[in-house]
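Examination of the molecular architecture
The residues making up each chain are set out below.
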Amino acid sequence: MLSSALIEFTNSIKKLKEHLTSIDCREKILEYISTQEIPDTIAGDIDHLKNSRSDEKVFNYNANVISLYGYLERYVENVIIEYIRCINSIESDFSKLPKKVQDSYFDLIKSFHGKLSYPKYSHYEEKHLVDSLFHSISEQNVDLIAEAYFKNGGNYRYEVIKECIDSLGIKDFNLLYKYPDLNNYFTSKRNIKDIEQTGTSTLFNYLNDLVDRRNDIAHGESNTDLLNSDIFNDYIEFIEISVKSINSFLNDAILEVQWNNNTNITFKPYRSFSDKLVIAVNEQGCCFSKGDKLIAARPHGCYPRYTYLSINDIQVNQNTENHYEIKSQEDIVCLNIGMKLSEKWRLKVV
């Protein structure tokens with residue numbers, strides 16, 4: 001499961017929020033001091049702080065926008081690296097990768113070769129690229145270079161992020177809004193009634209506007225439309241929620257590969273006891289042991305599409321078992337999996 005890129009992003013956002021709180025505290029302190037008698041020894045310093053407020057606001061605005069965008073860009077590229085590492089470890093056959101990945105990898109590496117002079121990619125040598133192509137295309141062993149999927153110059157607007165994800169051979173990024181964090185945000189915070197009919201330029205306007213503002217700052221353009229702290233916090237909230245949803249989407253892609261590669265029997269709950277977080281199973285041939293991991297596929301149209309579960313307890317005829325094999329459909333095994341499931345879920349033992 002993908003986690004390290006999200007953890008680093010979350011920690012960075014926490015620091016940015018602390019910085020914004022410090023700015024607000026500074027303003028409140030200045031307002032309070034303005035009502036007090038100020039000693040001559042610090043009067044000049046206080047006047048300087050008051051007179052520099054306008055310049056400070058511009059500087060803080062620039063720093064905050066660049067920081068938030070920088071954290072987003074770093075997340076996107078870190079999670080691509082993390083995703084490719086997972087694919088390299090769980091999929092050994094290059095011919096089983098999505099056709100888009102197979103067909104485009106040579107051109108991606110050829111384009112990436114032209115970037116080796118960038119400091120960002122200085123740790124790569126031509127040999128790495130040749131080896132990757134040989135292992136992947138000639139030997140049909142998966143050995144992908146994640147940085148080949150990065151976009152030149154960043155500018156990770158929604159469509160650019162989608163293009164990155166599409167190039168990984170992952171479909172349906174346009175359904176990102178169905179993931180719970182974003183879906184709840186759009187319906188509750190933005191009061192969007194028909195999300196499916198709302199264009200991505202509207203849904204992801206905060207993201208795209210952040211990129212535009214970052215570019216204006218980078219090119220030295222003055223912006224009189226400075227975001228106050230409340231509005232900027234709205235930008236932070238949206239970027240946070242988008243990143244969480246992207247992470248869930250990519251985890252689904254990883255779990256789908258694992259699901260498809262898993263040759264164990266697919267079974268569904270025979271009955272579900274939601275109040276006890278228990279399912280009853282009678283699928284002949286299934287073997288269960290206490291502590292087994294399960295990969296579970298939610299019913300069609302539910303997101304995230306996959307998750308991991310654990311067998312906490314096994315009971316047969318009210319007797320606790322550590323291991324049990326179902327030999328006929330008359331055998332009914334009750335599994336405590338710690339989560340409410342319906343009979344529409346599909347599961348496999350990992």
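For the structure given in this document, a descriptive report is provided here. As the structure is a computational prediction, the values presented were derived from the model and not from experiment. (Residues numbered from 1 in each chain as written. Predicted model: local features only at pLDDT ≥ 70, side-chain atom pairs only at ≥ 80, totals over all residues. Heavy atoms only, no water.)

Right, let's get into the side chain of glutamate 147. Within the element layout of this structure, glutamate 147 appears in the loop between helix H5 (126-138) and helix H6 (158-167). Nearest to the buried, unbridged glutamate 147 among oppositely charged side chains is arginine 85, at 6.4 Å. For glutamate 147, the residues in contact, after removing those within four places along its chain, are Ile81, Phe112, Tyr121, His123 and Tyr124. (Helix = DSSP H or I, 4+ residues; strand = E, 2+ residues; numbered from the N terminus. Buried < 20%, exposed > 50% of the residue type's maximum accessible area, 1.4 Å probe, protein only. Lys, Arg positive; Asp, Glu negative; His and termini not counted. Salt bridge = Lys/Arg side-chain N within 4 Å of Asp/Glu carboxyl O. Contact = heavy atoms within 4.5 Å.)

Right, let's talk about the environment of alanine 297 for a bit. Examined against the element boundaries, alanine 297 turns out to sit in strand S4 (residues 293-297). Placed 19 residues apart in sequence, alanine 297 and valine 316 show a C-alpha to C-alpha distance of 24 Å. The residues contacting alanine 297, other than those within four sequence positions of it, are Trp259, Arg305, Tyr306, Trp345 and Arg346.

Attention now goes to the sheet that holds strand S5 (residues 306-310). Reading across from one edge, S5-S4-S10 is the order of the three strands in this open sheet, with antiparallel pairing throughout. Since the sheet does not close on itself, it has two edges, and those belong to S5 and strand S10 (346-349), each with one partner. The average undirected angle you get between the axes of adjacent strands in this sheet is 30 degrees. By the bridge criterion, four bridges tie S4 to S10 in an arrangement that is antiparallel. (Pairing = 2+ DSSP bridges. Axes fitted to C-alpha atoms, helices over the stretch in contact; angles between N-to-C directions.)

A word on the sheet that holds strand S1 (residues 271-273). Strand pairing in a sheet takes place through backbone hydrogen bonds and is either antiparallel or parallel in direction. Read across the open sheet, the five strands follow the order S1-S2-S9-S6-S7; overall the sheet is antiparallel. Of all strands in the sheet, those with a lone pairing partner are S1 and strand S7 (319-321), marking the two edges. For this sheet the average axis-to-axis angle between neighbouring strands, irrespective of direction, equals 30 degrees. In terms of strand pairing, strand S6 (residues 313-316) meets strand S9 (residues 333-336) through three bridges, oriented antiparallel. Considered in S9, the bridge of aspartate 313 is made with asparagine 336.

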